[in-house]
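Close look at the chain arrangement
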Amino acid sequence: MGFFDGIKKFANEMVDDEICQLGENAQKRELKNRIAKQLKQRKISNASTKKIEHKKVDNLREVFNVDYRDLLFFVDTTMMRNNGTLGIGATDEWVFWKFNDEQRLAMPLNDLLLCYTSDDKLIIVKLENEQLTFNSLPIGDKAEMFDAVIAALNKEQKTVVTYQNMLEPLVERDLTSYDALRLDLLEVLSPAQHVRLEKLLIEKAIAENDPTFWSYAVHQLFSNDSEEFETFRGKILEHTVSLLQGNLTKENINEYLDIINKFDVDGKYTTVKLECMLKLNRVAEAKMLAYSELPESEREEFLAKQEQKENELRLKIEKAINKGEDIFVNNPEYVYVYLTGGLLPAEYAVIVGRRVEYVDAIISKMERETPIINRYQFTLNELAARNYWFNYFADINHEALPTEGNWAKVNKFVLNYGGKELQKRIDHGVATIDEVESYVKQHEKVQRNEEQLAEDQRKWREQMDKALKENYPTFYMKMLDPVKAEYIHKKLMIMYLSDELEGNNIEDLDRYVAEVTAKSDDLLNELVKDEYAKAPLVRGEFERAEDFDKRVTDRIEELKNEIQGRLSLEENHLDNKISKLDAANELAVRKMQQLMSDEHIAKLNVLLFMDQLKNVKIKQYDPDKFRFKYIYGNEQEDFVDVPIEVAPKFRDNFRPKNCSDVVVIVDEDNDGKPLVVTEYHFMGEEYYLKVCYMW
């Protein structure tokens, strides 16, 4: 085929819209529909299940040696319309595929029941002379396509039973753990066969002290047969606890802790769980567990000990902060301890004017909406605006000043150079009118671009300045009207219930509490309502209202009967949720007593006004009037009374960080303007100094 012929063929393939019916000769119509449904659920693109483009017909015949009329499906993986030279498909008897330039592969369709996907491979279980072998074929990123076909085949009950019978002798064998695992991954096995293999995995793991497949086997056995699992529960918990005695990674500890958390229903291993949680720094969860499961005396001892540790860590953090160390960037989890009235590390970083890259690094290490208190609900913009630092405010917004692009610089350079050359030609009398006119046009274009850039920069500064001015007063307004205790209480509950909630917002907590409350009032009907909402009945076009109502009533009765059988289990789950709610509420109240204390609020206020406090300067002392003159705000002056005997030490020791609190008052002597005043404790006395006017 010549070059132009190839171009013509490619163009035809791109525009040919002729469609052919797919699989009109296929016998397995139900399987064809099931595969189509599975491919649709997995959102597999370029899948042909009912129709196929005409131009693929020849390629299917030439490349795959199949007739489109015999196909159950075909997925074109060339990502090119009307091609069909690469892909996966199946007839009644065979599945075939080709994903690159290598040879076409095929296998009996039903034998996919003896396969499963693992990463980028198709694992094939083979039975030869009653021997079990495993082969693998690379399939790249096409695993979902095979999974769709395997899922559809597993609905073919008669075929499935045949393969289950074929595998039965192998399931009964004393397989190695690895072979038992790989066999258990086959979907075609019956629930009873899965259970036997998972019991074998558990028994071998205990006997051989090999934890490789421990978590998999435990969770799978519980999922497949909860009653059979009960006979193993004690053994499983005991062995899991023994595994935790080793030198484990945090990932391993987390894995085994999840098993004990889920299956230690009697609270026999509460101490073990608490130890693991603390090793993993899951402090809030540990407190919840202690409150729920420890006797009152032990609970109080545990909580007091944790609070002491938190206090020690808080002092360590404050010490690092005072030294100017970037302690949060490598320890974002410290935010859960350092709740000085309620600031996130990112907010703290903005307050102290850290580089934007540093702020971004902290935010990237944490969720943007962390379940932590932000007492005043400040935004980063408000915090950036509080010092009226224009460039920093713009950086926090990631709004860069419009600048001259590289092409504009090149054009100016070329124009400048061209202007000099043109001048030489003019001087020598050889320049043409066209050359001069061309230069003038280029010069005018560059000038227009410069004027546009200047206008863009003016608008940018205007926009940023407007945003800065809007955020500046809102910061101080929030200081005047601090968030109520209810907000802090709910945010604390969110922190303790983070594993239970859908999100970290107060709305998520309110919705969760409402759901638990409704279920505690009428569990059965609430469960029926939830279950029915998953697949509500739809009234038919020709169905009378009373007939439809009867169908709904009958469906609800069916659901009630189904749920009734597991109602006791649901009641246990509900009791657990209620218990967690009670624990979260009590722990939140306990924590609030610390966060709402004058000491914590004072620390936060001093932190928020640290920059303004730095502008307070103690000046000369008047020994006749026993007072210091001091400068504050915008070079304003005032006086503070200080006894003469302590005056020298007072001035030497005055530091912004030593101020004990900052309050906002209304200055009636100055038109009612909000005035920031600091409280300074020195040698047993309290002194009050003005800091700044809010605006």
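**Some remarks on the overall build of the protein chain**
Secondary structure summary: the protein chain contains 28 helices and 16 strands in total. Taken over C-alpha atoms, the radius of gyration comes to 37 Å for the protein chain, far larger than the 26 Å a tight globule of 695 residues would show. A principal-axis box enclosing the C-alpha atoms of the protein chain has dimensions of 110 × 105 × 65 Å. Here the protein chain, with 695 residues, has 43% of them falling under the buried criterion. Summed over its atoms, the accessible surface of the protein chain is roughly 39,200 Å², and 48% of this surface lies on carbon and sulfur atoms. Averaging the locations of the 96 positively and 129 negatively charged side chains of the protein chain gives two centres separated by 3 Å.

**Overview of the pattern of salt bridges**
Across all of its chains, the model carries 41 salt bridges by this definition. Taking the shortest distance from any N to any O, the salt bridge between lysine 273 and aspartate 264 comes out at 3.1 Å. When its relative accessible area of 1% is taken as the criterion, lysine 273 is described as buried. The class for aspartate 264 is buried, based on a relative accessible area of 5%. Across the pair lysine 550 and aspartate 554 runs a salt bridge whose closest N-O atoms are separated by 3.0 Å. Highlighted residues: lysine 550 and aspartate 554, both in helix α24 (residues 545–564), separated by 4 residues, approximately one helical turn. Under the relative-accessibility criterion, lysine 550 is labelled exposed at 53%.

**Focus: the packing of aromatic side chains**
Applying the stated criterion across every chain yields a total of 20 aromatic pairs. Between the aromatic rings of phenylalanine 64 and phenylalanine 74, the centroid separation amounts to 5.7 Å while the plane-to-plane angle is 65°, which identifies the pairing as edge-to-face. Placement of phenylalanine 64 in helix α3 (residues 54–64) and of phenylalanine 74 in strand β4 (residues 73–76) is noted, with a sequence separation of 10 residues between them. An identical accessibility class is assigned to phenylalanine 64 and phenylalanine 74; each is buried. Pairing phenylalanine 390 with tryptophan 460 gives two aromatic rings, centres 5.7 Å apart and planes at 80°, and the pair type is edge-to-face. Taken together, the positions of phenylalanine 390 in helix α18 (residues 390–396) and tryptophan 460 in helix α20 (residues 433–480) put the pair 70 residues apart, joining distant regions of the chain. The exposure class assigned to phenylalanine 390 is partly exposed, which follows from its relative accessible area of 22%. Clustering of aromatic rings is evident, with ring pairs tying together Tyr621, Phe628, Phe650, Phe654, Tyr680, Phe682 and Tyr687. Lysine 142 extends its terminal NZ or CZ atom over the ring of phenylalanine 99, reaching a point 5.2 Å from the ring centre. Over the face of the ring belonging to phenylalanine 232 we find lysine 235, whose NZ or CZ atom lies 5.5 Å from the ring centre.

**A short note on the sheet that holds strand β8 (residues 115–118)**
Ordered by their spatial adjacency, 3 strands build an open sheet running β8-β9-β10, and the pairing between neighbours is antiparallel. Every interior strand has two partners, whereas the edge strands, β8 and β10 (131–138), have only one. Strand-to-strand twist of the sheet, defined as the mean angle between neighbouring strand axes without regard to direction, takes the value 30°. Bridge count for β8 against strand β9 (residues 121–128) is 4 bridges, and the pairing is antiparallel.

**Remarks on the pairing of strand β16 (residues 685–693)**
For strand β15 (residues 673–682) and β16, the ladder comprises 8 bridges, and the chain directions are antiparallel. Of the residues in β16, the one forming a bridge with valine 676 is cysteine 692.

**Things to note about the nonpolar core**
By size, the foremost hydrophobic cluster in this structure holds 114 residues, and its most contacted members are Phe73, Ile88, Leu109, Leu112, Leu183, Leu186 and Trp214. Top element by residues in this core is helix α25 (residues 567–595). It accounts for 9 residues. Residue contacts for leucine 183: discarding those within four places in its chain leaves Val125, Leu132, Phe134, Leu167, Leu170, Val171, Leu175, Leu189 and Leu197. Listed in part, the 56 residues of the second largest apolar core include Tyr376, Met479, Met610 and Cys692.

**Some points on the sheet that holds β15**
Strand order in the open sheet made by the 3 strands is β14-β15-β16, with antiparallel pairing throughout. At either end of the open sheet lies a strand with only one pairing partner, and these are β14 (661–667) and β16. The average undirected angle you get between the axes of adjacent strands in this sheet is 35°.

**Topic: the confidence of the model for the protein chain**
A low pLDDT means the predicted coordinates there should not be read in detail. Looking at the protein chain, pLDDT values average 84 and 91% of them are 70 or higher. Per-residue pLDDT stays below 50 along residues 1–16; that stretch engages in 15 contacts with residues further than four places along the chain or on separate chains.

What counts, and where the lines are drawn
Residues numbered from 1 in each chain as written. Predicted model: local features only at pLDDT ≥ 70, side-chain atom pairs only at ≥ 80, totals over all residues. Heavy atoms only, no water. Helix = DSSP H or I, 4+ residues; strand = E, 2+ residues; numbered from the N terminus. Rg over C-alpha atoms; globule rule 2.2 N^0.38 Å. Buried < 20%, exposed > 50% of the residue type's maximum accessible area, 1.4 Å probe, protein only. Areas by Shrake-Rupley, 256 points an atom, 1.4 Å probe, with all protein chains shown as cover. Lys, Arg positive; Asp, Glu negative; His and termini not counted. Charge placed at Lys NZ, Arg CZ, Asp CG, Glu CD. Salt bridge = Lys/Arg side-chain N within 4 Å of Asp/Glu carboxyl O. Phe/Tyr/Trp six-rings, centres within 6.5 Å; stacked < 30°, edge-to-face > 60°. Lys NZ or Arg CZ within 6 Å of the ring centre and 35° of its normal. Pairing = 2+ DSSP bridges. Axes fitted to C-alpha atoms, helices over the stretch in contact; angles between N-to-C directions. Core = buried A, V, L, I, M, F, W, Y, C linked by side-chain atoms within 4.5 Å. Contact = heavy atoms within 4.5 Å. pLDDT = per-residue confidence, 0-100.

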